[in-house]
Amino acid sequence: MHSYIRPGQYVAIRLQSDQLRLIQIVPDTIVNLGRFGSFTANQIIGRPFYFTFEILDACDEAGHQLRVVSATELHAETLLAGEGDGEGDDVETGENGVPMRTNREIVDENSSQKLTLQEIEELKREAGGAGKDIVAKLLESHSAIDQKTAFSLAKYTLRKRKKYLKRFTVLPLDVGLLANYLIEERDAQRSMELRDEHIGLIGCWGNVHHSGNIEVGEGMKPHGRYAIVDETGGLVVAAMAERMGILYPHDADEEPTEEQDVPAHDPRRIRPQPMSATTNTITVIHPYSQPNLSLLKFFGYDTNNPDESHPLHTHLKSISWMQLADPNSDPLYANEPPIIPAEELAELKQSKRSAYYHKRNRWARVKAVVDEGRAGNFDALIVSTLLEPASVLRTMVPLLAGSAPVVVYSPTVESLVELADMYSTARRTAFINKKRELELQSSEGEAVDLSSLHEEFVVDPTILLPPTLQTSRVRPWQVLPGRTHPLMTGRGGAEGYLFHGIRVLPTTQNIQAAGNVRKRRKVETTSTPISDRDVEMTS
């Protein structure tokens, strides 16, 4: 991720009112922030991220001017509030004897504010500090400002700053910010109400990682191949690509390679072929002609017009369910373009020769990706879909390598509870007994219909252990002395649940328990002679 704002990229703008806006930095264009004002995009290009800007009322030929708000000015009010001497507090004390001020005698009325609406509008037109003078006037003209507690005064001041100050902060766009933006500002159903904490759990339980360009020992796998079923518009793919180090474009500050030194129009330049990577790849399985990964545009990769320099151009692969189940039914896979001899190819026109190479390359690319997907040996499976989870796992789990994790996300719990029951111990025991019974009948020469086993059991419960179901939701709390309570304005929505399991390879041999047999320690007994008195008592 770049440290400076660059043309063409998407950034997140956090307004003074804590709202998020996603904009694309296009040179020589006007960025409109609604009631906060507007400015030209050229004023922030080349500036570092996390700077706070203030829109001034003074305008030039290009539009409103921006001022960088220093860190000292941002925290001046906080520092001054912390140095207060507490004058005017009531004599009432708390449990520990410390004097504390209360709002018991305050009557919250509109008459406490002496400024009228007309005077505030006049201040908006005259104030050159873009709202700072308005907030100061409001605090000065409030008749009951000295009766407010420190906490109440801070809330009142913050509310007025959010309303009148025209400030915003430019943040680099990452997956967490995008997920929060979709939930808070946009339609949460588009991303299946996937929250930031769920994204972290998916990557953790899915063991999605990238070790970088480091040397590892023999037999170790520094990079993985991950299969993903994503119906969140590409949010899950973006989150996993971020953990794998292939989401953001390469920095332009890197040292140029020999391939980069060759001009783009030079025929010696080797263009990177799409979906050509063999390790550290993401394979998306989708039900349509192409996957819906529209959210990847926020990270510089448009699936309709892909950038060849983007890492996802070679590391992101896609397979349809039809290609995975029956590739011969797909004309792109089954219909191989005829090979034209070199002599005949040289006599063709440039347009026909280019069309021939385009068809051959497309067929070779589709065949290679489909064959690789059908061969399986994926390192993890991540599912986030509205389809039946059991039907997805029935097809995909056999394509996983041993010890590969499986993670399924669902906004509701019902489908995952049913899935966990299909892989439960009781189902596994019944499946094994049924299978042994059919094998015994087959060995005795009887005709056995194995389809009855798959009709009774939708999935094979012996290849996924142990099925677990969990949920996690971060709830914001207000934590202050004597005021600890959850924020009641938090958004509701789906809770969100995760199913997790590990792909196992059942053995075909009988397993016998073996171990070190511990010898029992002999109990030493002591005998005492029986006296004549004991004999008389027993008799």
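What counts and what doesn't
- Residues numbered from 1 in each chain as written.
- Predicted model: local features only at pLDDT ≥ 70, side-chain atom pairs only at ≥ 80, totals over all residues.
- Heavy atoms only, no water.
- Helix = DSSP H or I, 4+ residues; strand = E, 2+ residues; numbered from the N terminus.
- Buried < 20%, exposed > 50% of the residue type's maximum accessible area, 1.4 Å probe, protein only.
- Contact = heavy atoms within 4.5 Å.
- Areas by Shrake-Rupley, 256 points an atom, 1.4 Å probe, with all protein chains shown as cover.
- Pairing = 2+ DSSP bridges.
- Salt bridge = Lys/Arg side-chain N within 4 Å of Asp/Glu carboxyl O.
- Phe/Tyr/Trp six-rings, centres within 6.5 Å; stacked < 30°, edge-to-face > 60°.
- Expected span 1.5 Å × (residues − 1).
- Axes fitted to C-alpha atoms, helices over the stretch in contact; angles between N-to-C directions.
- Parallel < 35°, antiparallel > 145°, perpendicular 65-115°, else oblique.
- Left-handed = near helix turned anticlockwise from the far one by under 90°.
- Nonpolar A, V, L, I, M, F, W, Y, C, P; charged D, E, K, R; others polar.

### Overview of the overall build of the protein chain
The helix and strand inventory of the protein chain stands at 19 helices and 16 strands. Among the 539 residues that make up the protein chain, the fraction classed as buried is 37%. Considering only residue pairs separated by 6 or more positions, the protein chain has 69% of its internal contacts joining residues 24 or more positions apart. For the protein chain, the exposed area adds up to about 33,300 Å²; of that, 51% sits on carbon and sulfur atoms.

### Side note on the pairing of strand β8 (residues 225–230)
Within a regular strand, side chains alternate between the sheet's two faces. Burial within β8 is extensive, with six of its six residues counted as buried. Here β8 shows two buried faces, one formed by R225, A227 and V229 and the other by Y226, I228 and D230. Inspection of the sheet shows β8 paired to strand β9 (residues 281–286) by four bridges, in the parallel sense. In the strand pairing of β9, Y226 is matched with I282. Relative to strand β11 (residues 380–384), β8 runs parallel, the two being bridged by five bridges. For Y226, the partnering residue across the bridge sits in β11 and is A380.

### Notes on the pattern of salt bridges
This model, assessed by the stated rule, comprises ten salt bridges. Residue R195 pairs with E197 through a salt bridge whose shortest N-O separation is 2.8 Å. Judged by relative accessible area, which is 10%, R195 ranks as buried. Across the pair R360 and E336 runs a salt bridge whose closest N-O atoms are separated by 3.2 Å. Remark: E336 occurs in the loop between α12 (331–334) and α13 (342–347) and R360 occurs in helix α14 (residues 350–375); sequence separation between them is 24 residues. According to the relative accessible area criterion, E336 is partly exposed, its value standing at 42%. Overlapping salt bridges bring together E54, R67 and R167 as one network.

### Quick notes on the side chain of T281
Its location among the elements puts T281 in strand β9. Its relative accessible area of 0% is what places T281 among the buried residues. Discounting chain neighbours no more than four positions away, the residues touching T281 are G224, R225, Y226, M244, H315 and K317.

### Focus on the packing of aromatic side chains
Evaluation of the coordinates by the stated rule reveals eight aromatic pairs. Aromatic side chains Y248 and F299 sit 6.0 Å apart centroid to centroid with 75° between the ring planes, which places their arrangement in the edge-to-face category. Placement of Y248 in the loop between α8 (235–244) and α9 (258–261) and of F299 in the loop between β9 and α10 (312–315) is noted, with a sequence separation of 51 residues between them. There is no split in this pair, since Y248 and F299 are both buried.

### A word on the environment of L177
Along the chain, L177 falls in helix α6 (residues 175–184). The exposure class of L177 is buried, given its relative accessible area of 14%. Counting along the chain gives 19 residues from L177 to D196, while the straight-line C-alpha distance between them is 8.3 Å. Ignoring sequence-local partners within four residues, the contact set of L177 consists of A12, R14, L20, L171 and P172.

### Some points on α8
With eight of ten residues buried, α8 lies mostly within the body of the structure. Within α8, the full set of buried residues consists of L235, V236, V237, A238, A239, M240, A241 and M244. Phi for G245, located one or two positions after α8, is positive at around 75°.

### What to know about α14
End to end, α14 covers 37 Å across 26 residues, agreeing with the expected 38 Å (1.5 Å per residue, within 8%). For α14, the full list of buried residues reads Y356, R360, W363, V366, V369, V370 and G373. For α14, the secondary structure elements touched by its buried residues are β10 (316–320), α11 (321–325), α12 and α13. Positive phi appears at G376, one or two residues downstream of α14, with a value of about 75°.

### Here's the deal with the packing of α6 against α8
Axis separation between α6 and α8 bottoms out at 10 Å; the angle between their running directions is 160°. When the axis of α6 is compared with that of α8, the two are roughly antiparallel. For the pair α6 and α8, the crossing hand works out as left-handed. On α8, the residues that touch V175, L178, A179 and L182 of α6 are L235, A238, A239 and E242. Looking at the contact of α6 with α8 residue by residue, the class counts come to seven nonpolar, no polar and one charged.

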